[in-house]
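Survey of secondary and tertiary structure
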Amino acid sequence: MKVFPHQKARAIKPGSRRPAKELCSDCGLCDTYYIHYVKEACAFLNQQIGELEEEHHGRSRNLNSEDERYFGVHQEMMAARKQEPIPGAQWTGIVSTIACEMLTAGIVEGVVCVQNTKEDRFAPMPVIARTPEEVLAAKVNKPTLSPNLSVLEQVAESGMKRLLVIGVGCQIQALRAVEQQLGLEKLYVLGTPCVDNVTRAGLQKFLETTSKSPDTVVHYEFMQDFRVHFKHEDGSIEKVPFFGLKTNQLKDVFAPSCMSCFDYVNGLADLVVGYMGAPFGWQWIVVRNDLGREMLDLVKDKLDTQAVMSKGDRQQAVQQSIPAYDKGVTLPLWAAKIMGVVIEKIGPKGLEYARFSIDSHFTRNYLYLKRNHPEKLDDHVPEYAKQIVGQYQLPD
Ligand SMILES: Cc1cc2nc3c(=O)[nH]c(=O)nc-3n(C[C@H](O)[C@H](O)[C@H](O)COP(=O)(O)OP(=O)(O)OC[C@H]3O[C@@H](n4cnc5c(N)ncnc54)[C@H](O)[C@@H]3O)c2cc1C
């Protein structure tokens, strides 16, 4: 059996080495002997989205197309929802359904996904699921940094040859960089968009600062109606307008890695399932390549679908929110509620909402990087993100 150089590397004690230091997103690579490749693989030490897009999708994104500049290489986008949603899934459970179908059909032998620990519904516990039951036990977001790649050594040891990995952008960038070393015959990557992630302690602070009942939150999402929706144990939904968030207290809650991330839409996955480019209540699907299409085709008869739409104009709202966020302005709740209602009526919808969210986060992250890691600015920000940020006037 061929022994790869990384397999001769010393076993790493989880968490003992973090070459990206404070920018580490805890993707899990460094908990394995694949730490051997971290300098090239880590999304925060070596930004290489363009090169990896070319390798995996056959081309990098077309910067002359606004859709590709924002949403990455793709063959097709659509809005979709499961005809019979999975109870307790983050949205309608399209991600879990695809993973279950792939196992059942024998297309893959295992699925890298993230369950939670027994003690804490939000504490991530990455696993290689081998049955649909184990996949379903991983449904719903663990809204914390999650070391999904920490199970990669187990993949090699198991002798598995066909694998599906579910993950967010930073995990998938590192995975793509070591893909050839995994000894797999086939790798499928099902991604979700991701933004503003936090450590478990940061999550607690966010819940305590924002929700009326932090201990009973089972699930939350920053929704397209410009409100955070918290779902509680009793099924009730608490809605807090974005504009009423206590930004002054929350400024340091997001992980430095997420404040430095420009891969919101998971550009290197084969298929991406999120929500932000779809009308409220629907999921947003981005098919990047043929493997992504193969995955989507497996579940299409279980979905209602519709074409993506786009309405409104985000740019003024983004420009106005830049100094407001920067100064940590928080509106009184009554004003935030009115603002929320107005913006929901006249604000950006569909793909324009997705662009609103990308613009807001990229401008914020660009400023963060410029102030905290100016030496990284040039290499770390991909060209597409520089063009997006370049549409706005930023404070110093
Ligand atoms: C931290 C985070 C932030 C997100 N932010 C956005 C956003 O801003 N805009 C947007 O459009 N979509 C975002 N998403 C994706 C969206 O919330 C849903 O996860 C997606 O639409 C799939 O819903 P579903 O019902 O099909 O998933 P489900 O069937 O419930 O499955 C969820 C899957 O997510 C995986 N997962 C859970 N937590 C993590 C984690 N921390 N890291 C990696 N994988 C995880 C699980 O393994 C599971 O397979 C985010 C996802 C995460 C994890």
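As a reminder, the structure under discussion sits directly above these lines.
A few points on the structure. (Residues numbered from 1 in each chain as written. Predicted model: local features only at pLDDT ≥ 70, side-chain atom pairs only at ≥ 80, totals over all residues. Heavy atoms only, no water.)

1. A closer look at the packing of helix 11 (residues 315-326) against helix 13 (residues 351-372)
Look at helix 11 against helix 13: their axes get within 10 Å of each other, and the N-to-C directions meet at 40 degrees. Looking at the two axes, helix 11 sits oblique to helix 13. The hand of the helix 11/helix 13 crossing is right-handed. Across the interface between the two elements, Ala317, Val318, Ile322, Tyr325 and Asp326 from helix 11 touch Phe356, Asp359, Ser360, Thr363, Arg364, Leu367 and Arg371 from helix 13. Considered class by class, the residues forming the contact of helix 11 with helix 13 number six nonpolar, two polar and four charged. (Axes fitted to C-alpha atoms, helices over the stretch in contact; angles between N-to-C directions. Helix = DSSP H or I, 4+ residues; strand = E, 2+ residues; numbered from the N terminus. Parallel < 35°, antiparallel > 145°, perpendicular 65-115°, else oblique. Left-handed = near helix turned anticlockwise from the far one by under 90°. Contact = heavy atoms within 4.5 Å. Nonpolar A, V, L, I, M, F, W, Y, C, P; charged D, E, K, R; others polar.)

2. Quick look at the packing of aromatic side chains
Enumeration according to the criterion identifies 16 aromatic pairs in this entry. Ring centres 5.9 Å apart and planes at 25 degrees place the aromatic pair Phe206 and Phe222 in the stacked group. Pair noted here: Phe206 is in helix 8 (residues 200-210) and Phe222 is in strand 6 (residues 217-222), with a separation of 16 residues, a long-range link. According to the relative accessible area criterion, Phe206 is buried, its value standing at 3%. (Phe/Tyr/Trp six-rings, centres within 6.5 Å; stacked < 30°, edge-to-face > 60°. Buried < 20%, exposed > 50% of the residue type's maximum accessible area, 1.4 Å probe, protein only.)

3. Re the site of the ligand
Near the ligand you find 33 residues, and of these Trp91, Ser96, Val140, Asn141 and Lys142 are the closest. Within the contact set of the ligand, a nitrogen atom lies 2.8 Å away from a backbone nitrogen or oxygen of Lys142. The backbone of Pro193 places a nitrogen or oxygen atom 3.1 Å from a nitrogen atom of the ligand. In the complex, the protein chains occlude 97% of the 920 Å² of accessible area that the ligand would expose alone. Elements supplying a minimum of two residues to the shell around the ligand: helix 4 (94-104), strand 2 (110-116) and strand 9 (271-274). For the shell around the ligand, the leading source of residues is helix 4, giving three residues. Considered class by class, the residues forming the shell around the ligand number 17 nonpolar, 13 polar and three charged. (Near = heavy atom within 4 Å. Polar contact = N/O pair within 3.5 Å; in protein donor to acceptor, adjacent residues only side chain to side chain. Areas by Shrake-Rupley, 256 points an atom, 1.4 Å probe, with all protein chains shown as cover.)

4. Side note on the packing of helix 4 against helix 10 (residues 290-299)
Two elements in contact, helix 4 and helix 10, have axes whose closest approach is 9 Å; the angle formed by their N-to-C orientations is 95 degrees. Between helix 4 and helix 10, the angle falls in the class roughly perpendicular. When helix 4 is examined against helix 10, the residues Thr97, Ile98, Glu101 and Met102 are found in contact with a partner set consisting of Met295, Leu298 and Val299. In terms of residue class, the contact of helix 4 with helix 10 is built from five nonpolar, one polar and one charged.

5. As for the side chain of Ser211
Within the fold, Ser211 resides in the loop between helix 8 and strand 6. Residue classification places Ser211 among the buried residues on the basis of a relative accessible area of 7%. At 3.0 Å, the side chain of Ser211 forms a polar contact with the backbone nitrogen of Ser213. Excluding residues that lie within four positions of it along the chain, Ser211 makes contacts with Phe206, Val217, Phe230, His232 and Glu238.

6. Structural notes on unusual backbone geometry
Residues other than glycine seldom take positive phi values, yet Lys21 does so here, at roughly 50 degrees. Within the secondary structure, Lys21 is located in the segment before helix 1 (38-41). Positive phi values are uncommon outside glycine, yet Val140 reaches one of about 75 degrees. Within the fold, Val140 resides in the loop between helix 5 (132-136) and helix 6 (152-158).

7. Remarks on the sheet that holds strand 6
Neighbouring strands of a sheet are bound in pairs by backbone hydrogen bonds; such pairs are parallel or else antiparallel. Here three strands make up an open sheet; going across it, the order is 6-7-8 and the pairing antiparallel. Taken across any chain shown, the strands that pair with only one partner, and hence form the sheet edges, are strand 6 and strand 8 (237-241). Put simply, the sheet's adjacent strands are angled 20 degrees from each other on average, direction ignored. Strand contacts of helix 8: strand 6, strand 7 (227-232) and strand 8, with the helix running at about 85 degrees to strand 6, the strand carrying the most contacts. (Pairing = 2+ DSSP bridges.)

8. Focus on the side chain of Glu53
Looking at where Glu53 falls in the secondary structure, it is placed in helix 2 (residues 49-57). For Glu53, a relative accessible area of 2% puts it in the buried group. Setting aside anything within four residues of it in sequence, one finds Glu53 in contact with Gly58, Arg59, Ser60, Arg61, Val73, Gly267 and Leu268.

Nothing here speaks to function; it is geometry throughout.
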